[in-house]
Amino acid sequence: MKSNRWIKFATLAGIAFVSVALLSGSIIVSNSPGGFNAGLTRAVGNGDTPGGLLRLGSSAPCDSLDPAQTFDPWCAVVHRAFSRNLMAFAGKPGEEGLIVVPDLVTDLPVSNSDKTTWTFRLRTDVFWSDGSPVTTTDVKYSIQRLFDDSLQSPVALDTLCLLSTCSGGVPDYKGPYVAPKEDLVSIVTPDEKTIVFNLNRPFNEFPRLLATPQYAPIQKARDLSLLAAGSNYAANPASNGPFVLTIDQAGLQYSFTRNALWTQESDGIRIPKVDAMSWKVFPDVDSTDQALLAGEIDVKLNYGLAPTARDATLADKSQRALIDNPEMSFVNFLVVNPTVPPLDRAPCRDAIFFALDKFDLQNIRGGSATTAVAHSLSPPTILGFDSSYNPYPSGRDETGNLRKAKQSLAQCGYPDGFQINMAYVAIGIGKDIFLSVQKSLARVGIVVDPVEFANFAEYFTTGIGSPETMSAQAIGLASSGWGPDYSSAYSYWAPLVDGRKIKPSSNQNFAELNLDEINSLLDLLDASDSAVETARLNREIEKLVMQESVYLPYAVDRIVLYRPDSLTNVYAQIALGNQYDLVNIGKREILP
């Protein structure tokens, strides 16, 4: 088993990026398109009429239909249609979609005072589509599978160490496939409806972790049967949600039909409107986009419109009202290393913050449709994000505030500038980002020299992930970025700014911040069980971090989503990759 942490960096950084008759129950009515970005804050399209077929399309299949294996963020809304979690993100638009609520369980879990023991009670009215009940045996087995090396689950090793003793950061428990007779004793199932998790350390966000797709329970009997037949769970996953998924042609065609064993009374998150969904995988992104704009499909699943359709649609005023352009969770930033002179002087770091040309970097990343200029380090997808927070304004046109930069240089004792090294990965736009930074800082006399790495694995382990390397190669600047796990403020801040987590390799606290005030606030954030308190602590931590001027945010990736005006109750679910929440979308025909 190996850590997938650097894969997260590489994957997120690399994202740049025949009409079918309706089924019974639909009528022809008119519908309001809602307006540009309306689906980010409210459900667009009122007056639902039950029934119909929702036609989905994508340019690739999900990486896996086994929840334990899925990594692609856009697949979360697909899994949500046929699988349920103990806890789940609310079926709501905007910040309400970040709230975690009971799903397969009767109520919020009961925990002990130090948040190491969590007890859940399963509902008695939830069933698999074959009629068998969902039991705690299924739940425990599903989590045991996450430890199995053959599945290559994206769940981080340090998270698995919550439930297993670990040697050298690797769980000692190896999963039910390798050790079928070995028990994961940290999970206790006294009966079919009660499950108790005994964690190795306090972890207040455990319910939020259980809301992620990888923790969706699978049907143990189905998995064992498939394994005995030489197959795997992804080839025929069971359903306990409102839809049953059928793989009509692997990698090309799928269908969703209503699950007769699912009831609305058992599920307050999914309120399905349509009778069925079809899903076609197209050869490429452009053919998928063409099918969407031509009305051959209703929703594009993976990441939104590609450049050709995106630019044409945004330029068409009549189509712009059908667009949502959400900002994603990954914040691109420069590490401004305070351990390398002269960046050990705060005004020298401030000069870089003011001089950076964010507009040029935005264009390198694809322009305003695919990238928003970032003024704050907090991602837009966690509680407490404040879009008005901008402590280092870079001018009206975002090309930099050279006057302020020169004032800062004078204050730090280098009025004519200084020389510094910058690390980057020579893949994709990596070198273009370096050249942009070099060009913009040269305007105030700061000379930037390259330190080039060939791949992300080396870069984030023994490159900028090594404080020794940062010091030995005098790396003052580094191109990087970060996004939260399970839409959690704590999972975003702790790796970046907790001084107690600095490591000799694979270190994510690149700036080596170790401030008592920040560490204390992180402990409070970790212990917070209130959305209001979490939001407040997020803002406090961000202000303290930004005052240190060690992480310079410059861009947040965006996607362009298109919602035909035939759709109802359509909104972007912020915690699930900012994709449309498929399971709750309705559909109706529009008068010509």
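For clarity, every value in this text was computed on a predicted model and none was experimentally measured.

Chemist: Can you help me understand the overall build of the protein in this one?
Modeler: When helices and strands are tallied, the protein shows 18 helices and 27 strands. Here the C-alpha atoms of the protein give a radius of gyration of 25 Å, agreeing with the 25 Å that 2.2 N^0.38 yields for 592 residues. Based on the C-alpha atoms only, the size of the protein along its principal axes is roughly 75 × 60 × 45 Å. Looking at the 592 residues of the protein, the share that counts as buried comes to 58%. In the structure as shown, the protein presents an accessible area of about 22,300 Å², 53% of it carried by carbon and sulfur atoms. Looking at the protein, you have 49 positive and 64 negative side-chain charges, and the mean spots of the two groups are 3 Å apart.

Chemist: Before we go on, may I ask you to explain the sheet that holds strand E6 (residues 117–121) in this structure?
Modeler: Hydrogen bonds between backbone atoms are what pair the strands of a sheet, whose relative direction is either parallel or antiparallel. Read from one edge to the other, the open sheet built from four strands follows the order E5-E6-E10-E9, with strand pairing classed as antiparallel. Here the strands that pair on one side only, and so sit at the sheet edges, are strand E5 (110–111) and strand E9 (187–191). Summarising the sheet, E5 and E6 pair through two bridges and their orientation is antiparallel. When the bridges of E6 are listed, Val-110 appears paired with Thr-119. Strands E9 and strand E10 (194–198) of the sheet are contacted by helix H3 (residues 136–145), whose axis makes an angle of about 30° with E10.

Chemist: Explain the packing of aromatic side chains to me, please; I cannot follow it from the model alone.
Modeler: Any aromatic ring pair is given by two values, namely how distant the centres are and how the planes are angled relative to each other. Inspection of every chain in the model, using the stated rule, returns 16 aromatic pairs. Relative to Phe-197, the ring of Phe-120 has its centre 5.7 Å away and its plane inclined at 85°; by these criteria the two rings are edge-to-face. Separated by 77 residues along the polypeptide, Phe-120 in strand E6 and Phe-197 in strand E10 bring together distant segments of the chain. Here the two residues Phe-120 and Phe-197 agree in accessibility, since each one is buried. A relative accessible area of 0% means that Phe-197 is categorised as buried. Of the aromatic side chains, those joined through ring pairs into one cluster are Phe-453, Phe-456, Tyr-459, Phe-460 and Phe-510. The lysine or arginine in question, Arg-258, covers the ring of Phe-243, its NZ or CZ lying 5.5 Å from the ring centre.

Chemist: How should the confidence of the model for the protein be read in this particular structure?
Modeler: Interpretation of this model should avoid reading the predicted coordinates in detail wherever pLDDT is low. On average, residues of the protein score 91 in pLDDT, and 93% of them reach the 70 mark or higher. pLDDT under 50 marks residues 1–32. Its contacts with residues more than four places away, or in other chains, come to 91 contacts.

Chemist: Help me out: how do you make sense of the side chain of Asp-357 in this one?
Modeler: If you trace the backbone, Asp-357 turns up in the loop between helix H10 (346–355) and helix H11 (358–364). One buried charged residue, Asp-357, forms no salt bridge at all, with the nearest opposite charge on Arg-443 at 4.4 Å. Beyond its immediate sequence surroundings of up to four residues, Asp-357 is in contact with Glu-398, Thr-399, Gly-400, Ser-436, Ser-440 and Arg-443.

Chemist: Teacher, can you tell me more about unusual backbone geometry here?
Modeler: A negative phi angle is the norm for most residues apart from glycine, just as the trans form is the norm for most peptide bonds. Along the chain, Pro-341 connects to Pro-342 via a cis peptide bond; the corresponding omega equals 0°. Assignment of secondary structure puts Pro-342 in the loop between strand E16 (327–336) and H10. One non-glycine residue, Ala-474, lies in the positive phi region at around 50°. Following the sequence through the fold, Ala-474 ends up in the loop between helix H15 (467–472) and strand E20 (475–482). Positioned with a positive phi, Ser-549 is a non-glycine residue whose angle comes to about 45°.

Chemist: Quick question: what am I supposed to make of helix H13 (residues 430–442) here?
Modeler: Owing to its 3.6 residues per turn, the α-helix brings residues three or four apart onto one side. The terminal C-alpha atoms of H13 lie 19 Å apart, and with 13 residues this matches the ideal 18 Å at 1.5 Å per residue to within 8%. Buried within H13 we find Gly-430, Ile-433, Phe-434, Ser-436, Val-437, Ser-440 and Leu-441. Projected down its long axis, H13 carries its buried residues within an arc of 160°, all on one side.

Chemist: How should I be thinking about the pattern of salt bridges in this particular structure?
Modeler: Two side chains that carry opposite charge are able to pair once their charged atoms sit near each other. One pass over the full model with this rule turns up 22 salt bridges. Across the pair Arg-84 and Asp-267 runs a salt bridge whose closest N-O atoms are separated by 3.6 Å. Here the residue Arg-84 occupies a position in the loop between helix H2 (76–82) and strand E3 (87–89), and Asp-267 occupies one in the loop between strand E12 (253–258) and strand E13 (276–281), the gap between them amounting to 183 residues. Neither Arg-84 nor Asp-267 differs from the other in exposure class; each is buried.

Chemist: Please clarify how the side chain of Ser-408 should be interpreted in this entry.
Modeler: Mapping Ser-408 onto the fold places it in helix H12 (residues 402–411). Its relative accessible area of 5% is what places Ser-408 among the buried residues. Once you skip the residues sitting within four places of it in the chain, Ser-408 turns out to touch Pro-347, Asp-350, Ala-351 and Phe-354.

Chemist: What exactly am I supposed to notice about the packing of H3 against helix H6 (residues 220–228) here?
Modeler: Any two packed helices are characterised by the angle at which their axes cross and by the distance between the axes. Look at H3 against H6: their axes get within 9 Å of each other, and the N-to-C directions meet at 50°. What the angle tells us is that H3 and H6 run oblique. Counted together, Thr-137, Asp-138, Tyr-141 and Arg-145 of H3 and Lys-220, Asp-223, Leu-224 and Leu-227 of H6 form the full contact between these two elements. Classifying every residue of the contact of H3 with H6 by side-chain character gives three nonpolar, one polar and four charged.

Chemist: How should the state of the cysteines be read in this particular structure?
Modeler: Evaluation of the coordinates by the stated rule reveals three disulfides. Paired through a disulfide, Cys-161 and Cys-166 show a sulfur-sulfur distance of 1.9 Å. Between Cys-161 and Cys-166, the S-S dihedral sits near -110°, and the bridge is therefore left-handed. The disulfide partner of Cys-348 is Cys-412, and the S-S distance across this bridge is 2.2 Å. Between Cys-348 and Cys-412 the sulfur-sulfur dihedral comes to about 90°; the bridge is accordingly right-handed.

What counts, and at which threshold
- Residues numbered from 1 in each chain as written.
- Predicted model: local features only at pLDDT ≥ 70, side-chain atom pairs only at ≥ 80, totals over all residues.
- Heavy atoms only, no water.
- Helix = DSSP H or I, 4+ residues; strand = E, 2+ residues; numbered from the N terminus.
- Rg over C-alpha atoms; globule rule 2.2 N^0.38 Å.
- Buried < 20%, exposed > 50% of the residue type's maximum accessible area, 1.4 Å probe, protein only.
- Areas by Shrake-Rupley, 256 points an atom, 1.4 Å probe, with all protein chains shown as cover.
- Lys, Arg positive; Asp, Glu negative; His and termini not counted.
- Charge placed at Lys NZ, Arg CZ, Asp CG, Glu CD.
- Pairing = 2+ DSSP bridges.
- Contact = heavy atoms within 4.5 Å.
- Axes fitted to C-alpha atoms, helices over the stretch in contact; angles between N-to-C directions.
- Phe/Tyr/Trp six-rings, centres within 6.5 Å; stacked < 30°, edge-to-face > 60°.
- Lys NZ or Arg CZ within 6 Å of the ring centre and 35° of its normal.
- pLDDT = per-residue confidence, 0-100.
- Salt bridge = Lys/Arg side-chain N within 4 Å of Asp/Glu carboxyl O.
- Expected span 1.5 Å × (residues − 1).
- Arc of directions from axis to C-beta.
- Parallel < 35°, antiparallel > 145°, perpendicular 65-115°, else oblique.
- Nonpolar A, V, L, I, M, F, W, Y, C, P; charged D, E, K, R; others polar.
- Disulfide = S-S within 2.5 Å.

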